[in-house]
Each structure stands twice: as structure tokens, then as C-alpha cells.
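So the chains spell out like this:
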Amino acid sequence: KNQVEQSPQSLIILEGKNCTLQCNYTVSPFSNLRWYKQDTGRGPVSLTIMTFSENTKSNGRYTATLDADTKQSSLHITASQLSDSASYICVAGTALIFGKGTTLSVSS
Amino acid sequence: SAVISQKPSRDICQRGTSLTIQCQVDSQVTMMFWYRQQPGQSLTLIATANQGSEATYESGFVIDKFPISRPNLTFSTLTVSNMSPEDSSIYLCSVYRGGEGYTFGSGTRLTVV
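Here's a quick rundown of the structure. (Residues numbered from 1 in each chain as written. Chains lettered and ligands numbered in written order. Predicted model: local features only at pLDDT ≥ 70, side-chain atom pairs only at ≥ 80, totals over all residues. Heavy atoms only, no water.)

1. Side note on the overall build of chain A
Okay, so step 1: If you tally the helices and strands in chain A, you get 0 helices and 11 strands.
Okay, so step 2: When its helices and strands are written in sequence order, chain A yields β-β-β-β-β-β-β-β-β-β-β.
Okay, so step 3: For 108 residues, the compact-globule estimate of 2.2 N^0.38 gives 13 Å, and chain A sits close to it at 13 Å.
Okay, so step 4: Burial status across chain A gives 43% buried among its 108 residues.
Okay, so step 5: For chain A, the proportion of contacts with a sequence separation of at least 24, taken over those separated by at least 6, is 54%.
Okay, so step 6: A total of about 5300 Å² of accessible surface is found on chain A, and carbon and sulfur atoms cover 49% of it. (Helix = DSSP H or I, 4+ residues; strand = E, 2+ residues; numbered from the N terminus. Rg over C-alpha atoms; globule rule 2.2 N^0.38 Å. Buried < 20%, exposed > 50% of the residue type's maximum accessible area, 1.4 Å probe, protein only. Contact = heavy atoms within 4.5 Å. Areas by Shrake-Rupley, 256 points an atom, 1.4 Å probe, with all protein chains shown as cover.)

Structural data, given as C-alpha cells:
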């Protein structure tokens, strides 16, 4: 069964700190993995897209990694800002299997 | 990337009524998608809206409950029919354009009372 599991479910960090969000997937066919940021009341916005041959991709303070062998991905956020408070969603495969997301709260 | 205007942004509806959600794209796209995001759950694809043909529905979703129109390459509507409280969700449209990937509308937060 295709599924994407994200951890932790929620996370609270202080402004300026780094954090890492995890995504484990069991998806077939698998061609790419995407990370989205979804602000409250808004639609998801793409952060990164990685094909199965890519190991890492950055978008500003966001860095995604992919290990296709272990079927794991992570999203690392550096020097967090209050505006990073959102839900981060991992999406895997050609059929776009969505995880439930990790809710990140950045406090001052 | 594509710019999507989705409306209404939110609504509170009585059970048994219907609500039509509109999605307007700033340029022509072949494929448009409708998703549902129930509280605490992941996005679930309802259907793919194809211009000039009937929408393709995913397992668990039927046309009578979620009729979709796609009159041209920049516009689509999703109707949630005969609503019940279980239909309370966020509904999102999405488009795909090669090179840009998927872009999502801002969503419609529906509450059925």
C-alpha cells in the first residue's frame, strides 16, 4: 500500500534554531519526492522537488535530502524565522501520495 | 508559476444544500485537479478535471456527490452536493505545468452545520 509517513507530527522551536523534519515513504511507482509548505488557510506551496537520482536540493534556508535506498527524506530548516510557522508536507511518487504533514511552530 | 484564484475562500453551509467552488487559472493548463483535506489528514485527490471530457474520479468519490465542470482550459468548478457535516473540509484545486510542477489554489474551507 502506498503511504507516506512524516515525523514528528508537530514541533515547536525557538526563532533562529535549526530543525529537521522526517519523511518515510513506501510508494510505487516512485519518480520524485516533493516538499510543500502550507500556511494556515492557504494552499501548499512547493519548496523542493527531487528525482530519485538526486540526494539533496536546497531552496534558501530549506534543504531537502533523499535516500532512495532507505526510502527516507528529510527537510532541514536553517536559522528558523517566525514566518516558517506552517505545515510541511512530504509528497512522494508519480501519483502524488501526500503525508499528513508536520506542523512547525516557531516562537520568539 | 501558475496563478490560481479559488473562491469562495470559506463558507458555512446547511446540511442538504450544495456548494460550488470555482478555480480560475491565469493561463491554459491541460490538467486540473481537485483535492480534499480533512482535519488532521493528508490531501486526498478527488478527481482530475479534463477539458472536453468527463472528470476522472478516484476510488471513494462519485460524480453524483462531487460533480465537476471544465468548460475551458483556464476554469473548473467542483460542486459538493447534498452536504453533510462529514463534508466539512478544505477543498483545493491544483494545476500541473511542465517545468513548474504542481501549483495549488488557496483552498476553500467548508463547514457544514
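Resuming the write-up.
2. Details of the nonpolar core
Okay, so step 1: Membership of the largest hydrophobic core comes to 26 residues, with the highest contact counts inside it found for B:Trp34, B:Ile46, B:Phe66, B:Ile68, B:Leu78, B:Tyr91 and B:Leu110.
Okay, so step 2: The greatest single-element share of this core, amounting to 4 residues, is contributed by strand S3 (residues 19-25) of chain B.
Okay, so step 3: Leave out the neighbours within four places in its chain, and B:Phe66 touches B:Arg36, B:Ile46, B:Tyr57, B:Phe61, B:Leu78, B:Thr79, B:Val80, B:Asp87 and B:Tyr91.
Okay, so step 4: Of all hydrophobic cores here, the second largest spans 24 residues; its members include A:Ala64, A:Ile77, A:Ala86 and A:Ala92. (Core = buried A, V, L, I, M, F, W, Y, C linked by side-chain atoms within 4.5 Å.)

Worth remembering: the numbers are spatial, not functional.
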